[in-house]
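Reading the structure
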2 protein chains.
Amino acid sequence: MKQTANQDKLLSEVRQIFENYLLENKLRRTPERFAILTEIYRRQDHFDADQLYDFMKQNNYHISRATVYNTLELLSKCGLIIKHQFGQHATIFEKSYGNAQHDHLICLDCSKIFEFCDPRLHQIEESMGRILKFNIERHALTLYGHCNGACDKTSKDKV
Amino acid sequence: MKQTANQDKLLSEVRQIFENYLLENKLRRTPERFAILTEIYRRQDHFDADQLYDFMKQNNYHISRATVYNTLELLSKCGLIIKHQFGQHATIFEKSYGNAQHDHLICLDCSKIFEFCDPRLHQIEESMGRILKFNIERHALTLYGHCNGACDKTSKDKV
DNA sequence: TTGTGTGCAAAAGCTTTGCATGTTG
DNA sequence: CAACATGCAAAGCTTTTGCACACAA
């Protein structure tokens, strides 16, 4: 099946990236770290640390919360996942390799998360960097709004 | 002194707005609520709940954490302060009456907060609302970057 | 007088840390 | 075999909650 072949290719690519990162930083390549990476890229879209911990447990891995948090930090540092702080709740993560950079729209009625991309953001970054004399490294834009009942048809995930 | 006169005018305006809000919602006009509003508008720029709690205590008010959180929630609902979630730390607030709407730039070196405004954001909100069929209510944009040592000269506040 | 708001302290929720054990390099 | 990662549980921090008392309406 074509889908599965793409999936396998993606998995081997991200594992390779993580392995290189660990080697370059003289960190250990433990089975726990690769298991977490693999499951994130196999399944989840937006998720928090606790959802991931539960998920690993349900799938018969024996991995502690400390390791989950530690590994999420490493994956974030090497760019394979992105951290988000939506609202006041737990930190939300999403896999980033193979995804176009995008921002988020959150429904105030049902908390579902949508993604969008707008090139004007790069222009804003550039202008503000120039004016305020900053090297802008990244941005976080979240729009909040009401879906008028349309969420159920198109949502990808929940916060 | 001109500055003081403006300050007094601002204070009486925001107290009036809060009072109207409380009356309209059949909430009580307690001394604690007005004390918190007054001190926020008299002093703080960006602050978190705990900083405000400490500040009130130092100034010989006897106000509990529960009341601080409760009042911040009310002030946020009636638009006199704005809540922010920068990074993974505590919720940050700022007074909003009399301030133009703006977004934030945070220095990754020294955590200082700068403000800016760009009209292209309204355009983005409008486009995305139309495309995704949402009524966009608000946005949160934060830029992260490096100041190249310029922060000390111009910063307003720290996270 | 009635019921909401307050203070206090305890609890809850997310994340980090300390320590003993296990495993990678 | 030495250093680092893990698991577990406890601690930390921010925020919320429960309860008795105070006070605004």
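This text goes with the structure placed above it.
Report follows, based on the coordinates. (Residues numbered from 1 in each chain as written. Chains lettered and ligands numbered in written order. Predicted model: local features only at pLDDT ≥ 70, side-chain atom pairs only at ≥ 80, totals over all residues. Heavy atoms only, no water.)

Before going further, it helps to examine the protein's contact with DNA strand D. Around DNA strand D lies a shell of 20 residues, among which R28, H62, S64 and T67 of chain A together with Y69 of chain B are the nearest. Between DNA strand D and R28 of chain A, the relevant distance is 2.5 Å, taken from a base nitrogen to a side-chain nitrogen or oxygen of the residue. Side-chain polar atom of T67 of chain A to a phosphate oxygen of DNA strand D: 2.6 Å apart, as the coordinates give it. Of all elements in the fold, only α2 (31-42) and α4 (65-77) of chain A together with α4 (65-77) of chain B reach the threshold of two or more residues within the surface near DNA strand D. (Near = heavy atom within 4 Å. Polar contact = N/O pair within 3.5 Å; in protein donor to acceptor, adjacent residues only side chain to side chain. Helix = DSSP H or I, 4+ residues; strand = E, 2+ residues; numbered from the N terminus.)

Another point: the interface of chain B and chain A. The interface of chain B with chain A comprises 37 residues on the first partner and 38 residues on the second. When chain B packs against chain A, close to 3,400 Å² is buried across both sides, 62% of that on carbon and sulfur atoms. Run the count over chain B and chain A and you get zero salt bridges. Linking chain B with chain A are 15 residue pairs in polar contact (both at pLDDT 80 or more), by the criterion used here. Elements with a minimum of two residues in the side of chain B that touches chain A: β4 (103-107), β5 (113-116), α5 (120-132) and β6 (135-146) of chain B. If you tally residues by element for the side of chain B that touches chain A, the top one is β6 of chain B, at twelve residues. For the side of chain B that touches chain A, the residue count by class is 18 nonpolar, twelve polar and seven charged. Across eleven bridges, the pairing between strand β6 (residues 135-146) of chain A and β6 of chain B is antiparallel. Across the sheet, the residue bridging to H139 of chain A is L143 of chain B, located in β6 of chain B. (Contact = heavy atoms within 4.5 Å. Buried area = accessible area lost by both parts, 1.4 Å probe. Salt bridge = Lys/Arg side-chain N within 4 Å of Asp/Glu carboxyl O. Nonpolar A, V, L, I, M, F, W, Y, C, P; charged D, E, K, R; others polar. Pairing = 2+ DSSP bridges.)

Another point: the sheet that holds strand β1 (residues 47-48) of chain A. Residues and elements named next belong to chain A. Overall, antiparallel pairing links the three strands, which are arranged β1-β3-β2 in an open sheet. Looking at strand neighbours, the two that pair on one side only are β1 and β2 (81-84), the edges of this open sheet. In this structure, β2 lies alongside strand β3 (residues 92-95), joined through four bridges in antiparallel fashion. The residue bridging K83 from the neighbouring strand is F93, located in β3. Its contacts with the sheet put α4 on β1, β2 and β3, and the angle it makes with β2 is roughly 110°. (Axes fitted to C-alpha atoms, helices over the stretch in contact; angles between N-to-C directions.)

Right, let's talk about the sheet that holds β6 of chain B for a bit. A sheet is described by the order of its strands in space; here six strands give the open sequence β5(A)-β4(A)-β6(A)-β6(B)-β4(B)-β5(B), paired in mixed fashion. Since the sheet does not close on itself, it has two edges, and those belong to β5 (113-116) of chain A together with β5 of chain B, each with one partner. With strand direction ignored, the average angle separating the axes of adjacent strands in the sheet is 25°. Most of the contacts of helix α5 (residues 120-132) of chain A go to β6 of chain A, to which it runs at about 130°, and overall it touches β4 (103-107) and β6 of chain A together with β4, β5 and β6 of chain B.

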